[in-house]
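Understanding the architecture of this molecule
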Amino acid sequence: MVAGRSGGWADLGESRGEIKSRGERKRLQIISHFPESLVGMKSQVEKVTSLLDMKSNDVRSIGIWGMGDIGKTEIARVLYQRYRHRFEAACFIGVGTLYQTNGLTWLVQVVICKLLGKNMTLNSDHEGVIILKNMLRRKKVLLILDDVNHREQLEFLVGGTEWFGRGSKIILTARDKQLLISHVGDNMYEVQLLSENEALELFSRHAFREKSPLKDFMELSKQVVEYAGGLPLALKILGSSVYKRDKMQWRDIINRLKRIPHNDILGKLRLNFDGLDKDGKEIFLDIAFLDITSMGKYNNKSFVEEY
């Protein structure tokens, strides 16, 4: 037995062709699989894919825009998993939080490490720009910057299309539409809220662990879904908050929802925080950190994808 590159093991009795064939089958399974949890996102992923123009050898930069927690990151992650094998190097990094906590120079070092395979300590942001411009133009890369919120992140991490080798693709996600337009122009997709049926299905997957609500809870489910406004994260949290609860508890939550302004999604989520399980609270804190500074310190997670 010998160790493979992925950390697994390959039997010496297998031919190289058999190993390659097995690897291809596994890779195709990963590419073709679309997570069931991403309800209502498949058609949106395909629309973003068309913007990328994967068949072209042109360098392509696109933006994914929308309100917080609407699904921008999820779409970007699906694209990363689906296409990263086509590139010489790939990097997915959530820049918004890391920019605040670690600074721009650190972010540039991460991109250099992920795309160029070099661990460097930079003396300045500009030094990193020179390295990226000179070395990336010879490589076909996939670079995804999630949650872009400052112009200098674009200037120092992705620059212009001339930085990158033929066939490279750059995906940017942001809440600020004008920030994206300044870099990608019209090559941008606005993420849509879920339809009524999609919203009901996503809610049900968290409230019942089923694709649709239990018959006795259908009307109550529709009432809760109405207050989520088609926002995926709100549906997940509200669904988790009523999981395994009786009808009296459901009605109590609905009555509290009615007292909150219809457009105050965070208020609707906050009132259910104490009733959430550990996973539900972590989901809530994901947006609380971004939108409710008064809630205190956040247990920071890794925002750089490792594969």
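Coordinates for the structure precede this section.
Overview of the structure. Starting from 1, residues in each chain are numbered consecutively following that chain's sequence as written. Note on the predicted model: pLDDT of at least 70 is required for a residue's local features to be given, and 80 or more for side-chain atom pairs to be given and counted; whole-chain, interface and lining totals, by contrast, use all residues. Hydrogens and waters are ignored; side-chain quantities use all the structure's heavy atoms.

Concerning the pairing of strand S6 (residues 169-174)
Sheet faces and side chains relate simply in a regular strand, where the side chains alternate between the two faces. Throughout this description, buried means an accessible area under 20% of the type-specific maximum (1.4 Å probe, protein chains only), exposed means over 50%, and partly exposed covers the range between. Secondary structure elements follow DSSP: runs of H or I no shorter than four residues count as helices, runs of E no shorter than two count as strands, and numbering proceeds from the N terminus. Within S6, six of the six residues are buried, which leaves the element mostly enclosed by the surrounding structure. The alternating pattern of S6 places Lys 169, Ile 171 and Thr 173 on one face and Ile 170, Leu 172 and Ala 174 on the opposite face, and all of these are buried. Taken together, the six bridges between strand S3 (residues 60-65) and S6 define a ladder with parallel strand orientation. Each bridged residue has a counterpart across the sheet, and for Trp 65 the counterpart in S6 is Ala 174. In this analysis, strands are considered paired if DSSP registers two or more bridges between them. Bridging between strand S5 (residues 141-146) and S6 involves four bridges; their strand directions are parallel. Paired with Leu 143 across the strands is Ile 170, a residue of S6. For the crossover that starts at S5, traverses helix H7 (residues 151-157) and ends in the parallel S6, the hand is right-handed. Consider the strands pointing away from the viewer: the crossover is right-handed when the path from the first strand over the helix to the second runs clockwise.

So, the environment of Leu 136
Of note, Leu 136 is situated in helix H6 (residues 125-136). When its relative accessible area of 0% is taken as the criterion, Leu 136 is described as buried. Through-space distance from the C-alpha of Leu 136 to that of Trp 163 is 6.0 Å; in sequence the pair is 27 residues apart. Pairs of residues are marked as contacts when any of their non-hydrogen atoms sit within 4.5 Å. With residues near it in sequence (within four places) discarded, Leu 136 still touches Leu 115, Leu 116, Ile 131, Val 141, Trp 163, Phe 164 and Gly 165.

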